[in-house]
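Residue strings, one per chain:
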Amino acid sequence: MPDQIPADYLDGLNDIQRAAVTTTEGPVLVVAGPGSGKTRVLTFRIAHLIEKGAAPWEILALTFTNKAAREMKERISKVVGKRAGNIWAGTFHSLFARILRVEAKHIGYPSNFTIYDTDDTKSLIGQIIRELSLDKTVYQTNAIKNRISSAKSSLITPKLYERNEELLAQDKQANMPLVYKIYAAYVNRCKKAGAMDFDDLLFRLYELLQNHPEVAGKYRQKFKYVLVDEFQDTNTLQYAIVKKLVQYPDSPRNICVVGDDAQSIYAFRGATIQNILDFEQDFSQFDIQTFKLEQNYRSTENIVATANAVIGHNRRQIQKKIWSDKGLGEKITVLREMDDTGEGRRVADTILEQKNRHHLANEDIAILYRTNAQSRIFEEYLRRFNIAYRVYGGMSFYQRKEVKDMVAYLRLVVNPNDEEAFRRVINNPKRGIGNTSVGKMITLAGQQQITLFEASKHVALAKRTRHQADGFIHMIEQARAKVDTTDAYEIADTIAKKSGLLDLHRGDTSIEGMGRLENFQSLLDGIKSFVEEDTVIDTETLPDKTLATYLQNIALLTDFDTKNAESTDVVTLMSVHAAKGLEYKSVFVVGLEEKLFPSWMSMDTLDGMDEERRLFYVAITRAEQFLTLSYANTRYRYGKMVMNEPSRFLAEVPAEAIVSTTHSRRSQGHEYDRVQEQRARVSGVTPPVRSRGTARFAKPKVDPANFTPSPAAEIVEGVRILHLKFGEGRVTKIDGGAANRIATIHFSDLPQPEKRIMLKFAKLQILP
DNA sequence: ATAGCAGTAGGCCCT
DNA sequence: CTACTGCTAT
């Protein structure tokens, strides 16, 4: 890659994009509709800054996901070469963590502080509730975690909380008058453990900038250009920090925020759409320039029209008109099924069909759902149909128990004060130090104001237990003595063996156990490659191979950041939230039912509904060419069968954009009627009574009573067979391994006669 | 005192 | 369907 900028790098931009790129001085707001080349503008803007003489390390680019940051850096490096590595581009959390490690001494933290994830946070809050002898059915960890999180995001310290009448009144109302005490204890304990939770990474940085003007000055000096991506998803605290960094309101630097109010989908964690709505006002005295990117380069006109119509139902938004010149394109398909199983099958089926008809690769296709729990059924059918897929989100690699246990050991080695890590591993694998003994340690730690690890050394224990505890302490301290001189892998390897974790996993021969061993091994492999290769994720971190650096690198990773080496041609399954910023030729938005999408949690407020609608807007605007919406009449949720109306959002899709008949053999075009029904329901008109039901099994071609399936082994090429739904057919080909034989069968009665059927699952009767 | 089992309550979206 | 509590057997 040449280290100079191609002269024509601005040529590929439209007029507004180019203006947004070249207006480098003063505050800039870029309102960027979906598919409008937002990332292009951001990356070219940064490249342009460097071209204009800015040093890479003077540029701070804040994103929400590591993936977005990485992508941005990659694209910038295509223009400016390896200098891109020195740009401060990353997530709010990771860049702030980096600053905090350098400046930790100012706020009484060690520079190797631990980052507590959600599980650690919940566990600590639960612990505190127990210690305060509060009723845990009243004081619920999750509720309190949210309470504390939003307090931090509103810059309310425990002291302020205690004096805030409104908050106290709310807590009383909720029958939890002592939340302020839990909050105070929680902050205390985090500090004692040398740990910060996700909110602390923001909150503590704000405090640092607020209370240490010399530090704030240093960073203001350093970052001459500040850019914020996805600005609509920032919370009050993030915006406050950004303002501090640009020294608002005295002499705002060159700040550029990019976002789309219509894609704000994180209100539930404190993001406020108000930030982007206010930004223009906040910086109006400094000649703010606003650019609206309204041309959508991603999607067909049908999809854009649908998106516009849907978002038009929301109450307030920045006025803009998103348009596309890609032609009308395919109409939108709506699939209706009886239940979630049917939905899974139908979607997988439709994917096969689309792949054949439109020559789509797996990687062109995504299935998007509201909740991660919905993925299972689609996985099942994709597997059956032999379609490669990958599920993002849900349980990430680093959240798996076997991985977390090992990481907890490593955390403890780096930071023995880490209370959550200690409690996680002290008796894991089982070494006879149970709740009672740990309880004694906790009591002692509380009494003497020492850390758990310290307490574990001195506490009085039964002889056998004492011996075990000493062994444990010795193991940690031995590893700790080498932590600065030995590479991460060596320490991890030793701990894996000495702790007994490796033996534990090796000894487990169950299916799940083997999976756990595999994950455990691949964690170790990951540490090894961290040591051997230059897999430094955080480019400005010194390329050292210590355990501390390794832990820093993985602390803020999510499922998105774990690269899978295997094939990349896979169908993507993920939540709508996770899909933001991505695009696919064909998108399936599934589970479009009232109480699911929109979620029941959001349905009781107008703000909640608006956010759900924005979420739906995000979902449909991921699609380039094909958009398929699906819903089921009933589905299993939490083990219970529930029945839901089709989502109101379906009724907001313009009728002329929907294809009225689908090509499925199964449901014969009732979808459109059903949507009309919902449309009527929403507008208050009584829907026509309509017979419901049997679409999926509309016409069984064979009487089940006379059907006796033959053993799969007897199905060979050339035989004539009977299938319950498809009727008579002839096997034209058999392939796949012994355990996964797949028959290609020609059913001459069907509109699409070729079917590929997994013999493992299918019930076929051989005909003479 | 600890470990394994059965039963029950509470569940989303992300760093 | 999964994560916790409460019980009983070691």
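- If you look chain A up in an unreviewed UniProt entry, it shows as DNA 3'-5' helicase from Neolewinella antarctica.
- UniProt annotates chain A under Sequence similarities (unreviewed entry) with the comment "Belongs to the helicase family. UvrD subfamily."

## Some details on the overall build of chain A
Next, step 1: The helix and strand tally for chain A stands at 29 helices and 20 strands.
Next, step 2: Here chain A, with 768 residues, has 54% of them falling under the buried criterion.
Next, step 3: Of all intrachain contacts in chain A linking residues separated by at least 6 positions in sequence, the fraction that spans at least 24 positions is 74%.
Next, step 4: Put simply, chain A shows about 34100 Å² of open surface, and 51% of that area lies on carbon and sulfur atoms.

## Here we look at helix 17 (residues 401-414)
Next, step 1: End to end, helix 17 covers 20 Å across 14 residues, agreeing with the expected 20 Å (1.5 Å per residue, within 8%).
Next, step 2: Of all 14 residues in helix 17, 13 are buried, a share of seventy percent or more.

## A word on the packing of aromatic side chains
Next, step 1: Considering all chains together, one arrives at 20 aromatic pairs under this definition.
Next, step 2: A ring pair is formed by F231 and F279, whose centres lie 5.4 Å apart and whose planes are at 70°; its orientation type is edge-to-face. Taken together, the positions of F231 in the loop between strand 6 (225-228) and helix 12 (236-245) and F279 in helix 13 (residues 274-282) put the pair 48 residues apart, joining distant regions of the chain.
Next, step 3: Given the relative accessible area of 0%, F279 is considered buried.
Next, step 4: Between the aromatic rings of F616 and F649, the centroid separation amounts to 5.3 Å while the plane-to-plane angle is 15°, which identifies the pairing as stacked. With F616 in helix 27 (residues 606-620) and F649 in helix 28 (residues 648-652), the pair connects residues that are 33 residues apart, well separated along the chain. Per residue, the accessibility class of F616 equals that of F649, and both read buried.

## Overview of empty space enclosed by the protein
Next, step 1: Using the criterion set out here, one finds one cavity of 30 Å³ or more in the structure.
Next, step 2: One number sums up the size of the largest cavity: a volume of about 40 Å³.
Next, step 3: Every residue along the wall of the largest cavity is listed here: D261, A262, I273, I311, N314, R316, Q317 and R614.
Next, step 4: By residue class, the composition of the lining of the largest cavity is three nonpolar, two polar and three charged.

## Notes on the pairing of strand 7 (residues 254-259)
Next, step 1: In terms of burial, strand 7 is a largely internal element, six of the six residues being buried.
Next, step 2: Burial of the side chains of strand 7 extends over both faces: N254, C256 and V258 are buried on one face and I255, V257 and G259 on the other.
Next, step 3: In this sheet, strand 7 lies alongside strand 1 (residues 28-32) in parallel orientation, the contact comprising four bridges. When the sheet's bridge partners are listed, V31 is paired in strand 7 with G259.
Next, step 4: Sheet topology places strand 6 next to strand 7; four bridges connect them, and they run parallel. Pairing of L227 across the sheet is with C256, part of strand 7.

## Focus on the protein's contact with DNA strand B
Next, step 1: Every one of the 28 residues lining DNA strand B counts as a neighbour, but N372, T436, S437, M601 and Y638 are closest to it.
Next, step 2: Considering the 4 Å shell around the protein, atoms of DNA strand B inside it are sugar or phosphate in 54% of instances.
Next, step 3: Counting only elements with at least two residues in the surface near DNA strand B, the list comes to helix 19 (435-448) and helix 26 (576-579).
Next, step 4: Tallied by class, the residues present in the surface near DNA strand B amount to eight nonpolar, 17 polar and three charged.

## Digging into the UniProt feature "binding site: ATP" (unreviewed entry) in chain A
Next, step 1: As recorded in UniProt, the sites labelled "binding site: ATP" (unreviewed entry) are A32, G33, P34, G35, S36, G37, K38 and T39.
Next, step 2: Note that G33 resides in the loop between strand 1 and helix 2 (38-51).
Next, step 3: Apart from residues lying up to four places away in sequence, G33 is in contact with D260, Q263, L293 and I322.
Next, step 4: For K38, the position within the fold is in helix 2.

## Details of the pattern of salt bridges
Next, step 1: Within this structure, the stated rule accounts for 44 salt bridges.
Next, step 2: Residue E337 is joined to R346 by a salt bridge in which the shortest nitrogen-to-oxygen separation is 2.6 Å.

## Let's talk about helix 5 (residues 118-131)
Next, step 1: With 14 residues, helix 5 should reach 20 Å at 1.5 Å per residue; the first-to-last C-alpha distance of 20 Å fits that figure.
Next, step 2: Three or more residues of helix 5 are buried, namely D120, T121, L124, I125, G126, Q127, I128 and I129.
Next, step 3: Structurally, helix 5 contributes buried residues whose contacts are with strand 4 (114-115), helix 6 (141-153), helix 9 (179-192), helix 17, helix 18 (419-425) and helix 19.
Next, step 4: A distance of 3.0 Å separates the backbone nitrogen of D119 from a side-chain oxygen at the start of helix 5, and that oxygen is part of D117.
Next, step 5: Immediately beyond the C-terminal end of helix 5, within one or two residues, lies S133, with a positive phi of roughly 50°.

## A short note on the packing of helix 2 against helix 3 (residues 66-80)
Next, step 1: Running from N to C, helix 2 and helix 3 point in directions that differ by 45°, and their axes come no closer than 9 Å. The orientation of helix 2 relative to helix 3 falls into the category oblique. The interaxial crossing formed by helix 2 with helix 3 has right-handed handedness. Across the interface between the two elements, T39, R40, L42, T43, F44, I46, A47 and I50 from helix 2 touch M72, R75, I76, V79 and V80 from helix 3.
Next, step 2: Residues that form the contact of helix 2 with helix 3 fall into these classes: nine nonpolar, two polar and two charged.

## A closer look at the sheet that holds strand 6
Next, step 1: Read from one edge to the other, the open sheet built from six strands follows the order 3-2-6-7-1-8, with strand pairing classed as parallel. Where the open sheet ends on each side, the last strands, each with one partner, are strand 3 (88-91) and strand 8 (289-293). Going from strand to strand, the sheet's axes swing by 15° on average, the running direction of each strand aside.
Next, step 2: The strands touched by helix 2 are strand 1, strand 2 (59-63), strand 6, strand 7 and strand 8; relative to strand 6, the strand with the most contacts, the crossing angle is about 170°.

## Examining unusual backbone geometry
Next, step 1: Geometrically, the link from N428 to P429 is a cis peptide bond, its omega value of 5° lying close to zero.
Next, step 2: Structurally, P429 is set in the loop between helix 18 and helix 19.
Next, step 3: The residue after F597, namely P598, is reached through a cis peptide bond having omega 10°.
Next, step 4: Summarising the element assignment, P598 is placed in the loop between strand 13 (584-589) and helix 27.
Next, step 5: Positive phi outside glycine occurs at E230, with the angle close to 50°.
Next, step 6: Positionally, E230 belongs in the loop between strand 6 and helix 12.

## Describing the side chain of T572
Next, step 1: Looking at the secondary structure, you find T572 in strand 12 (residues 571-575).
Next, step 2: Other than its neighbours up to four places away in sequence, T572 contacts I365, A366, I367, R390, Y392 and Y584.

## Focus: the environment of R506
Next, step 1: Structurally, the position occupied by R506 is in helix 23 (residues 501-507).
Next, step 2: In sequence terms R506 and L201 are 305 residues apart; their C-alpha atoms lie 38 Å from each other.
Next, step 3: Once you skip the residues sitting within four places of it in the chain, R506 turns out to touch L517 and Q521.

Rules and cut-offs
Residues numbered from 1 in each chain as written. Chains lettered and ligands numbered in written order. Predicted model: local features only at pLDDT ≥ 70, side-chain atom pairs only at ≥ 80, totals over all residues. Heavy atoms only, no water. UniProt positions renumbered as here; feature names shortened; annotations may be inferred. Helix = DSSP H or I, 4+ residues; strand = E, 2+ residues; numbered from the N terminus. Buried < 20%, exposed > 50% of the residue type's maximum accessible area, 1.4 Å probe, protein only. Contact = heavy atoms within 4.5 Å. Areas by Shrake-Rupley, 256 points an atom, 1.4 Å probe, with all protein chains shown as cover. Expected span 1.5 Å × (residues − 1). Phe/Tyr/Trp six-rings, centres within 6.5 Å; stacked < 30°, edge-to-face > 60°. 1 Å grid on protein atoms, 1.4 Å probe; cavity = no way out; pocket = protein on both sides within 12 Å on 5 of 7 lines; lining within 4 Å. Points joined across faces, edges and corners; volume = space filled by probe spheres on them. Nonpolar A, V, L, I, M, F, W, Y, C, P; charged D, E, K, R; others polar. Pairing = 2+ DSSP bridges. Near = heavy atom within 4 Å. Salt bridge = Lys/Arg side-chain N within 4 Å of Asp/Glu carboxyl O. Polar contact = N/O pair within 3.5 Å; in protein donor to acceptor, adjacent residues only side chain to side chain. Axes fitted to C-alpha atoms, helices over the stretch in contact; angles between N-to-C directions. Parallel < 35°, antiparallel > 145°, perpendicular 65-115°, else oblique. Left-handed = near helix turned anticlockwise from the far one by under 90°.

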